[in-house]
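Inside the fold
Residue strings, one per chain:
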Amino acid sequence: MASISLRGVQKAYGDGAPVIRDVDLEIGENEFCVFLGPSGCGKSTLLRMIAGLEDVTDGDLFIGGKIMNDVPAAQRGVAMVFQSYALFPHMTVFENMAFGLKLAKTPKEEIERKVREAARILQLEALLERKPKALSGGQRQRVAIGRAIVREPGVFLFDEPLSNLDATLRGQTRIEIARLHKQFAKASVVYVTHDQIEAMTLADKIVLLHACKDTERYGSIAQIGAPLELYHRPKSRFVAGFIGSPRMNFLPGRIASIDAQGVLITLDATRESVHVPVDGAALQIAQAVTLGVRPEHLEFIQTSASHDDAVLTRTVSLVEQLGEHSYVHLDQPGGAALIAKAPGDRAHLRVPRHATHLFTEDGFAAASLESVEHYA
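In this report, we go over the structure that sits alongside the text.

1. Focus: the overall build of the protein
- Counting its regular elements, the protein contains 9 helices and 20 strands.
- On the principal axes, the C-alpha backbone points of the protein span a range of 75 × 45 × 35 Å.
- By the burial criterion, 51% of the 376 residues in the protein qualify as buried.
- For the protein, the computed accessible surface area is about 17800 Å², with 50% contributed by carbon and sulfur atoms.
- Each charge class in the protein was averaged separately, 41 positive and 45 negative side chains, and the resulting centres sit 6 Å apart.

So this is what it looks like as structure tokens:
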């Protein structure tokens, strides 16, 4: 079991601009930490730096309290599961899982015990004599995970392990990984993905990274926190737009008034007014802002809303039937369609004030006056 600490870590290739910039991060013992972000944001590069497969250009990396900048990958006490499985095609499942132990000159009896125990946990006992070509994608991924488990590392590293699987297998294997983490609770897990469903369902902590073009201005990390913290309390428009599917609705407007209870904004396209409970101390009358509200928080109503909430009137342009619920696309003057969660032809939408967010022109969120417990 080992904690991971990154302090001022940067990564650059040659004389180019850093692809990882100013990363300060603490990953605790037993914690399941997910690196999430769009393509090109440096998720896998950061993981490979922890693994020792990439050098740290600047800053310090600690594992278990010991500095690891110059320690070879094999001596870091970590095990990595790759996106491509990286199995030896000429070896059986047993031989693939035992390979690392043989290199470490582990006694044969111990290899036998560890491999068979991992095979039992991963439901691979009947497949130990097969070669990778005789396995499905999900079975190959379990073999790769088993090869990591038998080493009993202090840190497990997963580099987009489910991206080569179909949707059904992704769901099944995601559940298996979550179950394995509970079973091997002594180990810390760092998991890279671009899939927010994986991140939201697996993570104790999400580290959301910016795309490379944003790192010079903001640093590589957009926000760190528990999944629901990022969902309900995004610190920037980037975070709000990346977390959630469909993404948060964004409506441009300007501040009409400011009081102790928040700010009143007027939407640019429709002149409708919405009150948002945020701290207005750093805001100004007539300042351009963006209102954010998630699709599931827009409520279809027949009558006017209470004095605390706003009403938006829109025309339905498309309904996506998804079985358990529907997503309704509504015409939005001068911008992208508004998305909500219920059917109708022409809709009045209540905008609950506690479910609103406000972003300034630099992309950052205004501080809320209400706590996240509102969403519990």
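2. Some words on the packing of aromatic side chains
- Evaluation of the coordinates by the stated rule reveals 6 aromatic pairs.
- Ring centres 5.8 Å apart and planes at 40 degrees place the aromatic pair Phe32 and Tyr191 in the tilted group. In this pair, Phe32 is assigned in strand β3 (residues 32–36) and Tyr191 in strand β8 (residues 188–193), connecting sequence segments 159 residues apart. Each member of the pair, Phe32 as well as Tyr191, is classed as buried.
- Aromatic side chains Phe88 and Phe99 sit 4.7 Å apart centroid to centroid with 55 degrees between the ring planes, which places their arrangement in the tilted category. With Phe88 in the loop between β6 (78–81) and α2 (93–103) and Phe99 in helix α2, this residue pair connects regions lying 11 residues apart in the sequence.
- For Phe88, a relative accessible area of 29% corresponds to the partly exposed category.
- With relative accessibility at 27%, the residue Phe99 sits in the partly exposed group.

3. Points about the layout of surface pockets
- Counted as a void, the largest pocket has a volume near 520 Å³.
- Those elements that provide at least two residues to the lining of the largest pocket are β6, α2, α3 (108–121) and α4 (137–149).
- Of all the elements, α2 adds the most residues to the lining of the largest pocket, at 4 residues.
- In the lining of the largest pocket, the residues fall into 15 nonpolar, 2 polar and 4 charged.

4. Comments concerning the pattern of salt bridges
- Inspection of every chain in the model, using the stated rule, returns 10 salt bridges.
- Across the salt bridge formed by Arg120 and Glu117, the nearest N and O atoms sit 2.6 Å from each other. Taken as a pair, Arg120 and Glu117 lie in helix α3 at a separation of 3 residues, close to a single helical turn.
- On the basis of relative accessible area, Arg120 is assigned to the partly exposed category, the value being 43%.
- By relative accessible area, Glu117 is classed as partly exposed at 35%.
- In this structure, Arg142 and Glu176 form a salt bridge, with 3.8 Å as the shortest nitrogen-oxygen distance. Taken together, the positions of Arg142 in helix α4 and Glu176 in helix α5 (residues 167–183) put the pair 34 residues apart, joining distant regions of the chain. Across the pair, exposure class does not vary: Arg142 and Glu176 are buried alike.

5. Here's the deal with empty space enclosed by the protein
- Tallied over the full model, the rule gives 2 cavities of 30 Å³ or more.
- Roughly 90 Å³ of volume is contained in the largest cavity.
- Forming the boundary of the largest cavity are 11 residues, of which Phe156, Phe158, Leu180, His181 and Val189 lie nearest the centre.
- Only α4, β7 (155–159) and α5 provide two or more residues apiece to the lining of the largest cavity.
- When residues in the lining of the largest cavity are grouped by element, the largest group, 3 residues, is from α5.
- For the lining of the largest cavity, the per-class residue count stands at 10 nonpolar, 1 polar and no charged.

6. Remarks on the sheet that holds β8
- The 6 strands lie next to each other as β6-β7-β8-β3-β9-β10, forming an open sheet whose pairing is mixed. Single-partner strands in this sheet number two, and they are β6 and β10 (221–225). On average, each strand axis in the sheet is inclined to that of its neighbour by 15 degrees, with strand direction left out of account.
- In this sheet, strand β9 (residues 205–209) lies alongside β3 in parallel orientation, the contact comprising 4 bridges.

7. Remarks on the environment of Ala74
- The topology assignment puts Ala74 in the loop between β5 (66–67) and β6.
- Using a relative accessible area of 70% as the deciding quantity, one classes Ala74 as exposed.
- Distance from Ala74 to Ala51, taken between C-alpha atoms, is 8.7 Å for residues 23 residues apart in sequence.

8. Description of the sheet that holds strand β11 (residues 249–259)
- Across the sheet, 5 strands lie side by side as β13-β12-β11-β14-β20; this open sheet has antiparallel pairing. Edge positions in the open sheet fall to β13 (273–276) and β20 (356–360), since each of these has one partner strand only. The sheet shows a mean angle of 40 degrees between the axes of neighbouring strands, direction not considered.
- Two strands pair when backbone bridges link them, and β11 and strand β14 (residues 288–293) are joined in this way by 6 bridges, in the antiparallel orientation. What sits directly across from Phe250, in β14, is Gly292.

The rules behind the values
Residues numbered from 1 in each chain as written. Predicted model: local features only at pLDDT ≥ 70, side-chain atom pairs only at ≥ 80, totals over all residues. Heavy atoms only, no water. Helix = DSSP H or I, 4+ residues; strand = E, 2+ residues; numbered from the N terminus. Buried < 20%, exposed > 50% of the residue type's maximum accessible area, 1.4 Å probe, protein only. Areas by Shrake-Rupley, 256 points an atom, 1.4 Å probe, with all protein chains shown as cover. Lys, Arg positive; Asp, Glu negative; His and termini not counted. Charge placed at Lys NZ, Arg CZ, Asp CG, Glu CD. Phe/Tyr/Trp six-rings, centres within 6.5 Å; stacked < 30°, edge-to-face > 60°. 1 Å grid on protein atoms, 1.4 Å probe; cavity = no way out; pocket = protein on both sides within 12 Å on 5 of 7 lines; lining within 4 Å. Points joined across faces, edges and corners; volume = space filled by probe spheres on them. Nonpolar A, V, L, I, M, F, W, Y, C, P; charged D, E, K, R; others polar. Salt bridge = Lys/Arg side-chain N within 4 Å of Asp/Glu carboxyl O. Pairing = 2+ DSSP bridges. Axes fitted to C-alpha atoms, helices over the stretch in contact; angles between N-to-C directions.

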